[in-house]
Amino acid sequence: SFTCNVHKSTKSIGHSKVILRVDDMGISVIEIKRGTQLAKYIFDDIVSWASSSGTFAFEISSASSVSSIKNKKSGQNARFLFMTKEGVQIADAMN
């Protein structure tokens with residue numbers, strides 16, 4: 001699990017700080033205070049991801065039906081950018 005600040009998103013997350021959890025199925029976005037899962041994206045729906053020493057980003061297909069987070073502009077891939085010192089470690093966990 002990795003704590004991240006939400007920097008930019010084409011979907012409304014509703015929180016400024018979240019936990020990203022990577023497992024063998026995909027990536028979950030989790031509320032920090034209650035531990036509630038806000039969304040789960042399976043690897044089949046994740047189009048791409050990228051990282052640096054200060055960020056982690058991923059994009060999901062507009063055809064994804066898994067998310068519980070509402071898309072601001074339907075028909076477009078959703079993009080997420082998180083500020084975190086663990087960006088590289090998150091990307092490594094995705095492989």
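Scroll up to find the structure this text is about.
These remarks concern the structure in this document. (Residues numbered from 1 in each chain as written. Predicted model: local features only at pLDDT ≥ 70, side-chain atom pairs only at ≥ 80, totals over all residues. Heavy atoms only, no water.)

### Observations regarding the pairing of strand E3 (residues 26–31)
In regular strands, side chains alternate between the two faces of the sheet.
No. 1: Burial runs high along E3: six of the six residues are buried.
No. 2: In this structure, strand E2 (residues 17–22) lies alongside E3, joined through five bridges in antiparallel fashion. From the neighbouring strand, Val22 faces E3, where its bridge partner is Ile27.
No. 3: Bridge count between E3 and strand E4 (residues 37–42): five bridges; the pairing is antiparallel. Looking at the pairing, Ile30 lines up with Gln37 of E4.
No. 4: Hairpin connection, E3 to E4: the antiparallel pair is bridged by five residues, and Gly35 has positive phi, about 75 degrees. (Buried < 20%, exposed > 50% of the residue type's maximum accessible area, 1.4 Å probe, protein only. Helix = DSSP H or I, 4+ residues; strand = E, 2+ residues; numbered from the N terminus. Pairing = 2+ DSSP bridges.)

### Structural notes on the pattern of salt bridges
No. 1: All chains considered together, the criterion is met by three salt bridges.
No. 2: Of the charged contacts, one joins Lys40 and Asp23 as a salt bridge, the two residues approaching to 2.6 Å between their closest N and O atoms. Pair noted here: Lys40 is in strand E4 and Asp23 is in the loop between E2 and E3, with a separation of 17 residues, a long-range link.
No. 3: What makes Asp23 partly exposed here is its relative accessible area of 30%.
No. 4: Salt-bridge contacts for Arg79 lead to Glu59; the nearest nitrogen and oxygen are separated by 3.6 Å. Remark: Glu59 occurs in strand E6 (residues 55–60) and Arg79 occurs in strand E7 (residues 78–83); sequence separation between them is 20 residues. (Salt bridge = Lys/Arg side-chain N within 4 Å of Asp/Glu carboxyl O.)

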